[in-house]
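Below, each chain spelled out in residue letters.
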Amino acid sequence: MAAKVRPLIAGNWKMNGLKSSALREVKKLAGRMHKAGRTGCDVLLCPPVPLLAPLRVVVKGSRIALGGQDCHAAANGAHTGDISAEMLADAGCGYVIVGHSERRADHGESSRDVRAKAKAVHRAGLRAIICVGETGAERKRGQTLGVIGKQLTDSLPKGCTAENTVVAYEPVWAIGTGLTPTVDDVAQVHAFIRARLQRRFREHAQGMRLLYGGSVKASNAVELMAVANVNGALVGGASLTAGDFWPIVKTCI
Ligand code: PGA
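Everything numeric here is computed off the predicted structure, so don't read it as measured data. (Residues numbered from 1 in each chain as written. Predicted model: local features only at pLDDT ≥ 70, side-chain atom pairs only at ≥ 80, totals over all residues. Heavy atoms only, no water.)

(A) Expanded view of the side chain of Arg 104. Checked against the element boundaries, Arg 104 lands in helix α4 (residues 101-106). With no salt bridge to any partner, buried Arg 104 finds its closest opposite charge in Glu 109, at an N-O distance of 6.7 Å. Polar contacts involving the side chain of Arg 104 include one to the side chain of Ser 111, which spans 2.9 Å. Discounting residues that sit within four places of it in the chain, Arg 104 has contacts with Gly 99, Glu 109, Ser 110, Ser 111, Val 114, Cys 131, Val 132, Gln 151 and Ser 155. (Helix = DSSP H or I, 4+ residues; strand = E, 2+ residues; numbered from the N terminus. Buried < 20%, exposed > 50% of the residue type's maximum accessible area, 1.4 Å probe, protein only. Lys, Arg positive; Asp, Glu negative; His and termini not counted. Salt bridge = Lys/Arg side-chain N within 4 Å of Asp/Glu carboxyl O. Polar contact = N/O pair within 3.5 Å; in protein donor to acceptor, adjacent residues only side chain to side chain. Contact = heavy atoms within 4.5 Å.)

(B) How the structure looks around helix α9 (residues 218-225). Within α9, burial applies to Asn 220, Ala 221, Leu 224 and Met 225. Buried residues of α9, seen end-on, are gathered within an arc of 125° and therefore sit on one face of the element. When the buried face of α9 is taken as reference, the exposed residues oriented beyond 90 degrees from it are Ser 219, Val 222 and Glu 223. Tucked inside the fold, the buried residues of α9 contact β1 (8-12), α8 (183-201), β7 (209-213), β8 (232-235) and α10 (242-250). (Arc of directions from axis to C-beta.)

(C) Focus on unusual backbone geometry. Although it is not a glycine, Lys 14 adopts a positive phi angle of roughly 55°. The exposure class of Lys 14 is partly exposed, given its relative accessible area of 21%. Of note in this structure, Asn 229 is not a glycine but carries a positive phi near 70°. Relative to the helices and strands, Asn 229 resides in the loop between α9 and β8.

Given below as structure tokens:
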């Protein structure tokens, strides 16, 4: 089953990057991908919104897709500072991350909010990368699968398919800390997520990509990507430079 799923290596730049360095790094990455020829995975970068237009020029003709890091649930309207999925589509995005733990924590987003946003992403014809994950305290209390099960139920809208939805498992305690779960822990959570998706979305669940995220770097990417039901990675810090990101992308070639 896993062999048929084309992996996705996604970079989440968060609130990092200015135009000159971003253009330089993405040109470098595109160059390395071009030199390598065919990649066995899809490659995505989710930069801050002001960088979408300049990066769109650089990725043209490359196999690097662009995505947003969040969106509003509405298509337009009086929502100062917000961006709709339709606007991200218009800016050349193919994907939108929703429900990242930093959005859930910093902006008080509930799974219900995340579900509305994921629906908006589908409405705009884009792919939603829906994030779930337990905190360190929840893991210590043995609540990992319970928390993730509830987040899946509440955050995924109706009509999820392999084409329009990616699920990212990101343990909150592993994000930006250098800590990662054991491969056995990742395997357990990913098998659980796959089973839950199968129960709800039936045959559509088979090809849905399940990403692992949280302190992925060149030195641990090979073993994490080899875990059953792991179909790629959501990479934060190590996606900011071509030097760090390329070795992770290369694990899928
Ligand atoms: P990290 O972030 O790779 O810097 O841990 C991952 C994420 O938050 O998506």
